[in-house]
Amino acid sequence: MNNQIKTLMSQADELRNGIHDLAERTHNYQLNLAGIERCVDTISHCVTLVGNNRVAAIAAKDQRKIMAELESAVDELKELLQR
């Protein structure tokens, strides 16, 4: 009987640890997903701005700013996808 109780306690500890690990992974996944969505929005916005360049010229200063923002979003997206 004592061995069965110890076995149950051990299994309960393993289950608790597994649930804790799953909760942590789920939380990290949600954070990564929010970051990915933010990056996609930024990239979409930048592409729209550059796409409008056909209609009206974008000043060189603004174009550099847009490209820097785009590069930053792409770099962040790469980091999030590697996690």
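Located above this text is the structure these notes cover.
A few points on the structure. Computed from a prediction, not measured in an experiment: that's the story for all the values here. (Residues numbered from 1 in each chain as written. Predicted model: local features only at pLDDT ≥ 70, side-chain atom pairs only at ≥ 80, totals over all residues. Heavy atoms only, no water.)

Okay, the environment of His20 next. Its place among the elements puts His20 in helix H1 (residues 2-51). With relative accessibility at 54%, the residue His20 sits in the exposed group. Residues His20 and Val74, 54 residues apart in the sequence, show an inter-C-alpha distance of 32 Å. (Helix = DSSP H or I, 4+ residues; strand = E, 2+ residues; numbered from the N terminus. Buried < 20%, exposed > 50% of the residue type's maximum accessible area, 1.4 Å probe, protein only.)

This part takes up H1. Two residues of an α-helix separated by three or four positions point the same way, owing to the 3.6 residues in each turn. The end-to-end C-alpha distance of H1 is 72 Å, a good match for the 74 Å that 50 residues give at a rise of 1.5 Å each. Among all positions of H1, only Asn32, Gly35, Cys39 and Cys46 are buried. Close packing links the buried residues of H1 with helix H2 (60-82). (Expected span 1.5 Å × (residues − 1). Contact = heavy atoms within 4.5 Å.)

Before going further, it helps to examine H2. With 23 residues, H2 extends 33 Å from end C-alpha to end C-alpha; this agrees with the ideal 33 Å at 1.5 Å per step. Inspection of H2 places Ile66, Leu70, Ala73, Leu77 and Leu80 among the buried residues, and these make up the whole buried set. Structurally, H2 contributes buried residues whose contacts are with H1.

Once that is clear, we can look at the packing of H1 against H2. Between H1 and H2, whose axes approach to 9 Å, the crossing angle comes to 155°. When the interaxial angle is binned, H1 and H2 end up roughly antiparallel. Between H1 and H2 the crossing geometry is left-handed. Across the interface between the two elements, Asn32, Gly35, Ile36, Arg38, Cys39, Thr42, Ile43, Cys46, Leu49 and Val50 of H1 pack against Ile66, Glu69, Leu70, Ala73, Val74, Glu76, Leu77, Leu80 and Leu81 of H2. The residue inventory of the contact of H1 with H2, partitioned by class, reads 13 nonpolar, three polar and three charged. (Axes fitted to C-alpha atoms, helices over the stretch in contact; angles between N-to-C directions. Parallel < 35°, antiparallel > 145°, perpendicular 65-115°, else oblique. Left-handed = near helix turned anticlockwise from the far one by under 90°. Nonpolar A, V, L, I, M, F, W, Y, C, P; charged D, E, K, R; others polar.)

On the surface, Met1, Ile5 and Met9 cluster together into a nonpolar patch covering about 360 Å² of accessible area. The topology assignment puts Ile5 in helix H1. According to the relative accessible area criterion, Ile5 is partly exposed, its value standing at 40%. (Patch = residues over 30% accessible without salt bridge, like charges linked within 9 Å, V, L, I, M, F, W, Y side chains within 5 Å. Areas by Shrake-Rupley, 256 points an atom, 1.4 Å probe, with all protein chains shown as cover. Salt bridge = Lys/Arg side-chain N within 4 Å of Asp/Glu carboxyl O.)

Time to look at the side chain of Asn32. Along the polypeptide, Asn32 turns up in helix H1. Of the residues examined, Asn32 reaches a relative accessible area of 13% and is grouped as buried. Among all residues touching Asn32, those that are not within four sequence positions of it are Leu80 and Arg83.

Checked against the element boundaries, Ile19 lands in helix H1. Here Ile19 falls in the exposed class, since its relative accessible area comes to 52%. Sequence spacing of Ile19 and Glu69 is 50 residues, and the spatial spacing of their C-alpha atoms is 39 Å.

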